[in-house]
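The lines below spell out each chain.
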Amino acid sequence: MSITPETANQHKNDPAVVCCLTQEGTIISPADLEDPAIFPDLEDSGLLTIPDNVLTIGQVLGKKLIKTIDALTPITPDMIEGEIEEETKPEVISGNGVAEEETVSNAIGKGNVIRIHIEEGKGINLEIPAIVATATAVEPAAKPSEEKHELEEERIEDRVKRTLLMREFDVKEVRLGDETSFENGILTIRRTLAEDALKADPLAKKMEIDIITPDNKNVFTNTIMDVIPIATKVEGSIGEGITHVLSGAVVILTGVDESGIQVHEFGSCEGIIGEKVRFGRPGCPDENDIMIRIHVTIQAGTGMERKGPYAAHKVCDAVIQEIREVLKKKDPSEAARVIEYKDVERVGRPRVVIVKEIMGQGAMHDNVILPKEPAGVLGGRPNVDLGNIPVVLSPNEVRDGGIHALTCIGPASKENTRHYFREPLVNLVADDEEVNLVGVVFVGSPQVNEEKFYVSERLGALIEAMGVDGAIVTTEGFGNNHIDFASHIEQIGKRGIPVVGVTYAAYQGQLIVGNKYMDAMVELNKDPNGMESEILGDNTLTREDAERALAMLKAKMAGVEIKPAPKKWDQSVIEKNQELIRNAKK
Amino acid sequence: MEINADVRPIKGKIIELTERDVKIEFYGRMGMLRIPLRMLICDKRPEVGDDVELEMSYVKLKSDGR
């Protein structure tokens, strides 16, 4: 297959290989050459071997062929008439896919902002309104250190939009007892609550509550449907005011139906809890957390309908609510830590949005958006009922438990309620002084392609209206949600907005569709074989993944080249990129 | 033994559908497959009786299960 002059120009430093039988005397034009994009496939199938002395497309165009060569023959100097200009060696895709270091670039962005990104040395990144410092825009690379001085003086103050105060109360021990209480670090849960909570939904038939201590992880567990923090509003609504939260203890919700089938039959992670949970992941219990296990049995057969898993979450929430009522009344002086979260408008810095694709195919592929209580159920709207249309939350609303996940499949890549509560990407981008996080958009993933494109187009329109300079799109799990994931990136990319995609793909979840805007992708896999490992939270987004995603977005916004990824999943790319970030931090 | 275990197109139809998954029976009564909805790619809402197609190979035994 021949290529167009545009493709030839784009690949001028790639190897020149003829696409068809080419006669002696031919003046080589793009029409005679094969598309370098398919070389990896051809090499894999043994149809093509590229020698070291191969010439580049740039070197051979317009040159005369001195012998007749077969289709798929790489062009070497002995086949060409005349001298060859010594240009750069052809760059065979090396598979390191990393942003180049030591790059200085500037770009005039939207809203009259001059962006200067300097990676050399200390990785200084300056963002200043054009109006303030037009003079410095002339030679941004010339004297970076001096400029920094000048600009800091002119800096515009950030605007705090809202503040959330989170008071953390340490839990030392959890017991079952006669009355729910929380005194001196000892949380007591009323034993009879297991029966009373069932009133919240008739589909829930039975509940058992027990405590798993960190030193006794050798216990069997049914599939973990969710990991839920215990938090409550003391003042204000989700995202602002004051929240009390327990630290050192979390709820894990497990479930089966009356016939013994795991509620999350697909991608269930039943087994010994110590082996089936990747402790310490944002969505999982930490190594030393006490786990309050709430095991719910739902009506036979309802696990495959939306109402079944939802019932389990509702009755579990009823238990947590009684703990919340006690937690609400705690004296602030007893809090072990107070964390202040701010939604900040960082004036003059690039506007960035995080898009989180959540599941919306039905049954447990659903999430409750903005419940009354942090990480609760009641008062929230399931995204399936909202038609999976994008919904914007502020970073504080996310961090205050604005999403209750019914959690999809499979265990290794699903994002639990606790994941959203401690979402590392939201935390990282919100705290980064170089960017202005304007919001977090949650968009559901419906089942049917037509619906997927409907919501994706709405997402594109929303992002356009937000006037952002960059976007990060993430998704959980894999499967048909990768269709809309790719479409979201396209919708954003085609509007000229730099966009980075974040997902688990690796071996088992490899992407099934793609487009030209998916050139900056972050892989979440942590399993050595690239598989859905059936370990809860194993392949979910961590702080390190978030750092790679943000670094890649900054690089892309600054116009730094991002090398193409290798054709197949290669964990070493991730490690190399991570190392770049570690080095940049030093 | 060397066998040609290349993937090839297999046809079947949906015989059961829930809000969570679909059950597929391969033509020729050559077995069944149950997959979560997210592993089904569809341009319309799936219904019982709809034809489906996938590619698969013969299945090779890898261990004796012990």
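Right above here is the structure, for reference.
Worth saying up front: this structure is predicted, and the values here are computed from it rather than measured. (Residues numbered from 1 in each chain as written. Chains lettered and ligands numbered in written order. Predicted model: local features only at pLDDT ≥ 70, side-chain atom pairs only at ≥ 80, totals over all residues. Heavy atoms only, no water.)

A. Representation of the overall build of chain B within the structure. Of the regular secondary structure elements, chain B holds zero helices and four strands. In sequence order, the secondary structure elements of chain B are arranged as β-β-β-β. Of all 66 residues assigned to chain B, the portion counted as buried reaches 26%. Look at the contacts in chain B between residues 6 or more apart in sequence, and 46% of them connect residues 24 or more apart. For chain B, the exposed area adds up to about 5,100 Å²; of that, 53% sits on carbon and sulfur atoms. (Helix = DSSP H or I, 4+ residues; strand = E, 2+ residues; numbered from the N terminus. Buried < 20%, exposed > 50% of the residue type's maximum accessible area, 1.4 Å probe, protein only. Contact = heavy atoms within 4.5 Å. Areas by Shrake-Rupley, 256 points an atom, 1.4 Å probe, with all protein chains shown as cover.)

B. The arrangement of the interface of chain A and chain B in detail. Of the residues lining the interface, 29 residues belong to chain A; the matching set on chain B comes to 17 residues. When chain A packs against chain B, close to 1,800 Å² is buried across both sides, 56% of that on carbon and sulfur atoms. Ranking the residues of chain A by area buried against chain B places F266(A), M304(A) and Q447(A) at the top, with a combined share of 36%. At the boundary of chain A with chain B, the tally comes to one salt bridge. With a shortest N-O distance of 3.0 Å, R45(B) and E451(A) are connected by a salt bridge. Summed over the shared surface of chain A and chain B, the result is 15 residue pairs in polar contact (both at pLDDT 80 or more). Only α11 (449–466) and α12 (481–493) of chain A provide two or more residues apiece to the side of chain A that touches chain B. Considering each element in turn, the side of chain A that touches chain B owes the most residues, three residues, to α11(A). Its residues placed into classes, the side of chain A that touches chain B shows twelve nonpolar, eleven polar and six charged. (Buried area = accessible area lost by both parts, 1.4 Å probe. Salt bridge = Lys/Arg side-chain N within 4 Å of Asp/Glu carboxyl O. Polar contact = N/O pair within 3.5 Å; in protein donor to acceptor, adjacent residues only side chain to side chain. Nonpolar A, V, L, I, M, F, W, Y, C, P; charged D, E, K, R; others polar.)

C. Spotlight on a nonpolar patch on the surface. A cluster of nonpolar side chains, namely I512(A), V513(A) and I41(B), defines an oily patch on the protein surface of about 250 Å² accessible area. Position of V513(A) among the secondary structure elements: in the loop between β24 (499–503) and β25 (521–523). Of the residues examined, V513(A) reaches a relative accessible area of 36% and is grouped as partly exposed. (Patch = residues over 30% accessible without salt bridge, like charges linked within 9 Å, V, L, I, M, F, W, Y side chains within 5 Å.)

D. Representation of α12(A) in the model. Residue and element names in this part refer to chain A. Relative to the 18 Å expected for 13 residues at 1.5 Å per residue, α12 spans 18 Å between its end C-alpha atoms, a close match to the ideal helical length. Most of α12 sits inside the fold, with twelve of its 13 residues counted as buried. Those residues of α12 hidden inside the fold are in contact with β17 (351–359), β22 (436–445), α11, β23 (470–475), β24 and β25. (Expected span 1.5 Å × (residues − 1).)

E. View of empty space enclosed by the protein. All names here are of chain A. Taken as a whole and assessed by the stated rule, the structure comprises four cavities of 30 Å³ or more. The space that makes up the second largest cavity amounts to roughly 50 Å³. Lining the second largest cavity, in full, are K161, K342, D343, V344, P395, R399, A430 and L437. Per-element tally for the lining of the second largest cavity: the top contributor is strand β16 (residues 337–345), with three residues. Its residues assigned to classes, the lining of the second largest cavity comprises four nonpolar, no polar and four charged. (1 Å grid on protein atoms, 1.4 Å probe; cavity = no way out; pocket = protein on both sides within 12 Å on 5 of 7 lines; lining within 4 Å. Points joined across faces, edges and corners; volume = space filled by probe spheres on them.)

F. Structural detail: the pattern of salt bridges. Scanning the entire structure with this criterion turns up 52 salt bridges over all chains. Note that E208(A) and K206(A) form a salt bridge whose closest N and O atoms lie 3.8 Å from each other. Classification of E208(A) as partly exposed rests on a relative accessible area of 37%. Owing to a relative accessible area of 44%, K206(A) belongs among the partly exposed residues under this scheme. We note a salt bridge from R34(B) to E16(B), for which the minimum N-O separation is 2.8 Å. With R34(B) in strand β3 (residues 32–36) and E16(B) in strand β1 (residues 8–17), this pair connects stretches of sequence that are 18 residues apart. For E16(B), a relative accessible area of 31% puts it in the partly exposed group. Linked through salt bridges whose partners overlap, the residues forming this network are E16(B), R20(B), D21(B), K23(B) and R34(B).

G. Just the packing of α11(A) against α12(A), in detail. Residues and elements named next belong to chain A. Between α11 and α12, the shortest axis-to-axis distance is 9 Å and the interhelical angle comes to 30 degrees. Here α12 runs roughly parallel to α11, going by the angle between their axes. In this structure, α11 crosses over α12, and the sense of that crossing is right-handed. Contacts from N449, K452, F453, S456, E457, L459, G460 and I463 of α11 reach α12 at N481, I483, D484, S487, H488, Q491 and I492. (Axes fitted to C-alpha atoms, helices over the stretch in contact; angles between N-to-C directions. Parallel < 35°, antiparallel > 145°, perpendicular 65-115°, else oblique. Left-handed = near helix turned anticlockwise from the far one by under 90°.)

H. Representation of the sheet that holds β25(A) in the model. All names here are of chain A. Read from one edge of the open sheet, six strands run β20-β22-β17-β23-β24-β25, paired in mixed fashion. The two strands at the open ends of the sheet, each matched to only one other strand, are β20 (391–393) and β25. On average, adjacent strands in this sheet sit at an angle of 20 degrees to one another, irrespective of strand direction. Across three bridges, the pairing between β20 and β22 is antiparallel. (Pairing = 2+ DSSP bridges.)

I. Local environment of the environment of L327(A). All names here are of chain A. With respect to the helices, strands and loops of the structure, L327 is situated in helix α7 (residues 307–328). Relative accessible area serves as the criterion here: at 1%, L327 is assigned to the buried category. Along the chain, L327 and L187 lie 140 residues apart, while their C-alpha atoms are 9.7 Å from each other. Beyond its immediate stretch of four places on either side in the chain, L327 contacts F169, F182, I230, A231, T232, H244, V245 and L246.

J. The sheet that holds strand β18 (residues 367–369) of chain A, seen in detail. All names here are of chain A. Read from one edge to the other, the open sheet built from three strands follows the order β19-β18-β21, with strand pairing classed as antiparallel. Because the sheet does not close on itself, it has two edges, and the strands there are β19 (381–382) and β21 (403–405). Where β18 and β21 come together, three bridges link them in antiparallel fashion. In the strand pairing of β21, N367 is matched with A405.

K. A look at helix α13 (residues 543–557) of chain A. Residue and element names in this part refer to chain A. Compared with the 21 Å implied by 1.5 Å per residue over 15 residues, the 21 Å span of α13 between its first and last C-alpha is a close match. Counting buried positions over the 15 residues of α13 gives twelve, a clear majority of the element. Of all the positions in α13, only D545, A546, E547, R548, A549, L550, M552, L553, K554, A555, K556 and M557 are classed as buried. Downstream of α13 by a residue or two, G559 has a phi angle that is positive, lying close to 85 degrees.

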